[in-house]
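# Coordinate inspection notes
Listed below are the residues making up each chain.
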Amino acid sequence: MHFESAIPTILQFAKDWYGDCKEYETILVMCQQVQMQVLGAKHFGTQVIDQTKLNAALPHIMRLLENGWLNDKTTIPSALEYMLEGGHIALDKRPHFVRDVLTTVKNFERFDTPNKKIVYRSVITDIFHNAHELTQSVQHATDKIRLQILEELVLNQWNDDTFGLDTYKAVLLNRVLERIYMNTLNVEYNGSNQNISNISSIKTRLFQCIDSILSITKTHYISEIENSHELHAIMHQTSKLLTHFNKSNKCYQRSLHIWFLKQFYVTKGMGWTQMLFTNKAIRTNYLIFADPKMSDVFSVFKYLPPNLPSTDPFIGIYRDTYTNFKDKLLQGINSGNVDVQYNGNKSDFIPLLSAALSLSNLYGIAFNANFKNVKDYLLQCNVLNSDIEQNFVKVLLSEQLPPTASGLRLTYDSDASNAYIPRLCFHFLGTLQIMNKNPFQVLILNPEIYMNGHLPAMPENLLMNVIRIMKKEKRNGDTFTVRYCPNMHPFVINQCGHPTERVICAVDGCGKEIGDTTHRSRNTGLKQLEIPKGYILDGSDEELSVGDSFWRYEGDTQIRRITEVTCTLIRLLIHLALLIRNAAVPEGCKKLQKLLQKTDTAEVTKFLQKQAIGYFRLLGKITCLNDELLAMALHQLLNALPQTFNQRYPNGLDGTDLTTTYKFETKFEKWYCEFFRQTIQFNELNNRSKIAVDEDKALKVIISEIEETKAIDSFYREQYVPHLFLTIHKVSFDDLANRFMTEPSLKNRHPLLYHVMCAKDELWSVKYLPVVGQWMKYVYFHYSQQISRQECQRKTITQAIEEWKQKGYGSELESYQQLWSGFKTCWNTLANRKVRNDCKSFVIPKLYNDDSISLEFSIAQNNENGLILVKIIELLQDANNAFLEDVMMESKMHANNEEKYDAKDEDFNQMQKAMGKNKSLFDIHRNDIVTEIIRQWSLPSLEYGVINQNRNNIFGFKSYRFIKNRQFLEISVPFFQFSSQLNIKNCVAIVEKNNRELKTEPIDQPLLRTFLSSLKSQSEIQRALEILNEVIVFVSQNIKIIDLDKKFVELLEQMSFDEKSCKLFMVDLEEQQKSFILCRHICNLWRLLDNTVQLEFVNKSTIDNYVLDIYKLPLIEPLKQQLQVMIQKTSLGIIKEILDAWREVVQSEGQSIRDLSKKEPFSNWLDKVMFYDNELEFFPKELLTWEYCANGYAYLYELFNATQVIDI
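Residues numbered from 1 in each chain as written. Predicted model: local features only at pLDDT ≥ 70, side-chain atom pairs only at ≥ 80, totals over all residues. Heavy atoms only, no water.

The next subject is the overall build of the protein chain. Within the protein chain one finds 49 helices and 10 strands. Put simply, the protein chain has 1208 residues, and 53% of those count as buried. Summarising the internal contacts of the protein chain: among those between residues at least 6 apart in sequence, 74% fall at separations of at least 24. Within the structure as shown, the protein chain displays about 55,600 Å² of accessible surface, and the carbon and sulfur contribution to it stands at 48%. (Helix = DSSP H or I, 4+ residues; strand = E, 2+ residues; numbered from the N terminus. Buried < 20%, exposed > 50% of the residue type's maximum accessible area, 1.4 Å probe, protein only. Contact = heavy atoms within 4.5 Å. Areas by Shrake-Rupley, 256 points an atom, 1.4 Å probe, with all protein chains shown as cover.)

Our focus in this paragraph is the pattern of salt bridges. One pass over the full model with this rule turns up 28 salt bridges. For Arg121, the salt bridge is made with Asp160, and the minimal N-O distance between the two is 2.4 Å. Placement of Arg121 in helix α6 (residues 114–129) and of Asp160 in the loop between α8 (139–155) and α9 (168–183) is noted, with a sequence separation of 39 residues between them. Since its relative accessible area comes to 26%, Arg121 is described here as partly exposed. The exposure class assigned to Asp160 is exposed, which follows from its relative accessible area of 54%. Connected through shared salt-bridge partners, Arg175, Glu178 and Lys203 make up one network. (Salt bridge = Lys/Arg side-chain N within 4 Å of Asp/Glu carboxyl O.)

This brings us to the packing of helix α25 (residues 627–648) against helix α26 (residues 658–672). Two elements in contact, α25 and α26, have axes separated by 12 Å at closest approach and are oriented at 130°. The angle between α25 and α26 falls in the class oblique. Crossing of α25 against α26: the hand is right-handed. Between α25, through Leu637, Leu641, Thr644, Phe645 and Arg648, and α26, the contact on the second element is made entirely by Phe664, Lys667, Phe668, Trp671 and Tyr672. Looking at side-chain class alone, the contact of α25 with α26 contains 7 nonpolar, 1 polar and 2 charged residues. (Axes fitted to C-alpha atoms, helices over the stretch in contact; angles between N-to-C directions. Parallel < 35°, antiparallel > 145°, perpendicular 65-115°, else oblique. Left-handed = near helix turned anticlockwise from the far one by under 90°. Nonpolar A, V, L, I, M, F, W, Y, C, P; charged D, E, K, R; others polar.)

This paragraph deals with the environment of Leu70. Structurally, Leu70 is set in the loop between α3 (51–64) and α4 (75–84). Look at Leu70 and you get buried, because its relative accessible area is 1%. Taking the C-alpha atoms as reference points, Leu70 and Val119, separated by 49 residues in sequence, lie 6.1 Å from one another. Not counting the four nearest positions on each side in its chain, Leu70 is found in contact with Ile76, Val105, Glu109, Phe111, Asn115, Lys116, Val119 and Tyr120.

Our next topic: the side chain of Ser197. Here Ser197 shows up in helix α10 (residues 194–216). Note on Ser197: relative accessible area 7%, which makes it buried. Setting aside its immediate chain neighbours within four residues, Ser197 contacts Leu177, Tyr181 and Tyr189.

Here the focus is the confidence of the model for the protein chain. Taken as a whole, the protein chain shows an average pLDDT of 79; of its residues, 76% reach a score of 70 or greater. In this model residues 894–917 is a low-confidence stretch, pLDDT under 50, and it forms 37 contacts with partners more than four residues away in sequence or in other chains. Per-residue pLDDT stays below 50 along residues 1069–1073; that stretch engages in 5 contacts with residues further than four places along the chain or on separate chains. (pLDDT = per-residue confidence, 0-100.)

This part covers a positive patch on the surface. On the surface, a cluster of positive charge is made up of Arg648, Lys663, Lys667 and Lys670. Of the residues forming the positive patch, the biggest block, 3 residues, is contributed by α26. (Patch = residues over 30% accessible without salt bridge, like charges linked within 9 Å, V, L, I, M, F, W, Y side chains within 5 Å. Lys, Arg positive; Asp, Glu negative; His and termini not counted. Charge placed at Lys NZ, Arg CZ, Asp CG, Glu CD.)

Moving on to a nonpolar patch on the surface. A grouping of Phe13, Trp17 and Tyr18 is seen on the molecular surface, where their side chains present a nonpolar patch of about 400 Å² in accessible area. Structurally, Tyr18 is set in helix α1 (residues 3–18). Using a relative accessible area of 35% as the deciding quantity, one classes Tyr18 as partly exposed.

Moving on to the packing of α25 against helix α27 (residues 679–688). Where α25 meets α27, the closest approach of the two axes is 9 Å, and the angle between their N-to-C directions is 95°. Taken together, the axes of α25 and α27 lie roughly perpendicular to each other. Contact residues: Glu628, Leu629, Met632, Ala633 and Gln636 in α25; Gln681, Phe682, Asn683, Leu685 and Asn686 in α27. Class assignment of the residues belonging to the contact of α25 with α27 gives a composition of 5 nonpolar, 4 polar and 1 charged.

With that out of the way, let us pick up unusual backbone geometry. Even without a glycine there, the phi angle at Arg319 is positive, about 50°. By secondary structure assignment, the location of Arg319 is in helix α15 (residues 313–335). With relative accessibility at 47%, the residue Arg319 sits in the partly exposed group. Backbone geometry places Asn832, a non-glycine residue, at a positive phi of 70°. Residue position: Asn832 is located in the loop between α36 (813–829) and β7 (834–837).

The next point concerns the packing of aromatic side chains. Scanning all chains against the criterion turns up 46 aromatic pairs. On the basis of an interplanar angle of 70° and a centroid distance of 5.0 Å, the ring pair of Phe264 and Phe277 is categorised as edge-to-face. On the criterion of sequence distance, the pair formed by Phe264 in helix α12 (residues 250–268) and Phe277 in helix α13 (residues 270–277) is long-range, its members being 13 residues apart. Using a relative accessible area of 4% as the deciding quantity, one classes Phe277 as buried. Pairwise contacts between aromatic rings join Phe428, Phe440, Phe645, Tyr649, Phe664, Phe668, Trp671, Tyr672, Phe675, Phe676 and Phe682 into one cluster. (Phe/Tyr/Trp six-rings, centres within 6.5 Å; stacked < 30°, edge-to-face > 60°.)

Moving on to the environment of Met83. Tracing the backbone through its elements, the reader meets Met83 in helix α4. A relative accessible area of 0% means that Met83 is categorised as buried. Separated by 14 residues in the primary sequence, Met83 and Phe97 have C-alpha atoms spaced 9.5 Å apart.

The subject of this paragraph is the environment of Asn343. Considering the arrangement of structural elements, one finds Asn343 in the loop between α15 and α16 (346–362). Looking at Asn343, the relative accessible area reads 55%, which means it is exposed. Expressed as a C-alpha distance, the spacing of Asn343 and Cys381, which sit 38 residues apart in the sequence, is 9.1 Å. Within polar-contact distance, the side chain of Asn343 engages the backbone nitrogen of Asn345 at 2.9 Å. (Polar contact = N/O pair within 3.5 Å; in protein donor to acceptor, adjacent residues only side chain to side chain.)

Our focus in this paragraph is helix α5 (residues 94–108). End to end, α5 covers 21 Å across 15 residues, agreeing with the expected 21 Å (1.5 Å per residue, within 8%). The element α5 is largely enclosed, with a buried count of 12 among its 15 residues. Within the span of α5, buried status applies to Arg94, Pro95, His96, Phe97, Val98, Arg99, Asp100, Val101, Leu102, Thr104, Val105 and Phe108. (Expected span 1.5 Å × (residues − 1).)

Turning to the nonpolar core, a few remarks are in order. Residues Leu352, Phe392, Phe440, Phe668 and Phe676 are the most contacted members of the largest nonpolar core, which totals 108 residues. In terms of residue count, helix α22 (residues 564–583) provides more of this core than any other element does, 13 residues in total. (Core = buried A, V, L, I, M, F, W, Y, C linked by side-chain atoms within 4.5 Å.)

Time to look at the side chain of Gln253. Positionally, Gln253 belongs in helix α12. In this structure Gln253 comes out as buried when scored by relative accessible area, which is 5%. A polar contact of 3.2 Å, which involves the side chain of Gln253, links it to the backbone nitrogen of Phe245. When neighbours within four sequence positions are excluded, Gln253 is seen to be in contact with Leu242, Thr243, His244, Phe245, Asn246 and Met294.

A few words on α12. Helix length check: α12 (19 residues) gives 27 Å between terminal C-alpha atoms against 27 Å at 1.5 Å per residue, within 8%. Among the 19 residues of α12, 17 are classified as buried, and the element is accordingly described as predominantly covered. One side-chain oxygen of the residue at the start of α12 lies 3.0 Å from the amide nitrogen of Cys251, identifying that residue as Asn249. Just beyond α12, the residue with positive phi is Gly269, at close to 95°.

See below:
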């Protein structure tokens, strides 16, 4: 344990020993000074600008702390001033330093006097108002300090300041309250800023509805929402919340409605938002979206016909060229004389083709015969030279589309993803006309070439779904490569695919040594199977939900490197090309059927449409762009693609071999891996692409307010407070993890945050481990060995807490309730998760009402509900250790790359030597685990007008400093013992549960048999068993986890057994090399001794010694007859098992008093030993009740014994 984590223990010991006397105060000050030095090392370690000044500042701060942190109001500000003076720490790190200092204050000061609380409150209030002085007025750093201080003030009900609604501090409070209301249930703000609180509260409640609406509409077309009961339930709640300010403030009501639409706009785009809330079903059922009297915002929106989208990307990209072509085409269609005056420039053919195909399919319902003239005109331009490309134009400009082209109609009364695919196809076909030879063009013209060639972005093996599951669980964008040992057993290798350790293949006893300790040798003993050729995607849900990436080295040569973004982009373009090919062959393309391995045309068409839409959505998920912006980004990419490609491939790309294909992928990766970060440019393109319509003034005003482009004056700001209705952004793990995927450079700049964001969900519940342990500790304290299993199952949490209160633990009641709340929160965070136990699996149930939750869920057992808790603890332990392992590996790479730490560096050596930390669950402290890791203060938007700018501020931390002194956990979980359960078998089970290797130890080992034969008498056997019993009970109740390779005799000496007892376990064994009994042998040795004693000494014909006299009633004749039938019709093996189980039950339950009038069947207890129904088919379940227990056993044993004699 390092000193920082030892400080609380030292202080508690000093408090208990000295009380409040002078000695305790001296120790307290010493610990405060040490903590300040720790903070200095933590925050200034590698950032110090002037070490001399810092060394001079620390002693001064130590003197300040001699009287404690809170003796006056100047200590904390002075300490902060000295530590930050002279630029000792970077400006963006200062909020974290301020937070850590205040956390230190709260850890040391007990607020045991009213004055201390007043001083602390006054100090942090001053820091809030004067934060700019700590950050040299740098806005984002100032805002972070103010936000974290303000949150503490609000949570403690210390915020007495009244903020004017048009002030910047009102915005800060608004954002803090939103965060609190989103993350904490039943928080009530009692400060003086009730208007701000009211706005924040209604926004967060509505945000939950918005989140649900967006989730539901992911799986429903807008045209299908009328039949969605789930959506209607949410919309009913939403419409009520939208009237919140109806009577109190009409201006706020308008701002709330603008904000509501704004939330959809940033997620899905304006076109989709307008289609949803002008939908007939929505407006008919929820009048607030249609009635001007209820809302002057929603009612302004007009219904958009399916063939009239709100944007046209070609307007934004090609501007006047496209608009002129479109106008002249319309004139020609109306007049019958089509001549758009195309000048022969192939670059201009792209907007011409796009305009023609778009117009044709927008007006498909009322098709004009003059579109034939448009088709003829396009073909006469002599740009489309191949039959396939010309056929595509002929098909798309025909009145009736064939089934192969049915998905290319521009109808917008559908899911947004579907609507964008046709225009992308039109644009892509035009783009390919000015590109040199490339894979996409080949797929359109000659797809059969790739039957025996390698397509870009294809998997390297047929185990991709396994890899996708692994990636989905880790969620860190890591890459995995499958290699095979010489006997063809698969190995999955992460990162660059080159194994950097030597291992033995253990599959089926293979024994082949594989791997390499360096990164140079190609001879690793592993094989790479032949890379499959052709199209090998399957269209599975896993394929379309997890981005693929590939990174493979052979020796020190990189063979392949492509990230999720680029791989998904290439696959989308491949499917656009295949859609074009498919649509161009109305009768069905046999070549596509063969390439895609499909049986008919309909299957090909359906598959390609699903793949194109699926990869469009997956690319949006990875890049965190909504459909509208993603479409704009792709059109912008297609516009620039010919120039980019032709510069790199002046002679085109010819060849389908692996080398050529992988080089193409590498170049595409370089071009586009970070392309999708340009959200500002995409938004600008989106704004330029709006289709000009005759919008009334009111609608234009509404849209400008939604997009935050409206110029606002002081009157508008004062009346409508738009700065308090800024968008809320719910940032999930996936959002941030995906950002790391789209910006690979972030991983190197922020390695710790990268691993935090990409860790398993369980990591965020690890912080509850100390709470879980303490809650269980109290439950065990009050009930272990005091109640039976049935009593535990019947007792509820509410009853237990009430009992503790009645027993005089009222002063600790609040602490109990807080621990239970944390325990329950932890449990429910993991609810519905499937966990495995050996070869079986089960789902963690959710805990609901405390009045119905059994106390059994709070205890650890090796079966039933107690096993669920054990598995939860194992999940959290594994998440903690997996995270540390990932960060340590990253830190090791950091040290090697930077050459900053060498082998002599103590910090780095400690990090490399992180050892398992064996601790009882009851002793787990927050310093033992990855608690809240490093709390991120991502800065929310605080200004009106920046709605479309990047929102996530990412801050980095030194991972190798963070993990210093942290250790892997090996948690021993104490099993609960019922009043009737304290026996040696349960103790053996506890020892084996906490030392899992014991279960793999062979039972009948020659060494143990040799020991058994060395015992000279029955008394020695009995004594050896008694010694083992004492050891096993001691281990199960105390040390739990043992050194398995420790000599058993050494453990006996540690427990102070006498020399005679120790020698009993050394007889005739010392002469045999390496033949001595180890601690790993104790459980199996106990079984051997126990069986021997049972055979020698125990009379199994009776159980009278185990049961009370009330259970020894003579048998009635009908019961005897049923037992006789049972012995005749049940196998002797089952009879023996029943007798053994019978003895086991009465050993634990035979001394408990029962109400015999209830006639409780004894078979109920045998059922708990896991017999199948057919095995107890002839057991006298009704007649054999507890009062006949002893004589029923004796009679059945007599019959069993007699049957055995007869058989012999």
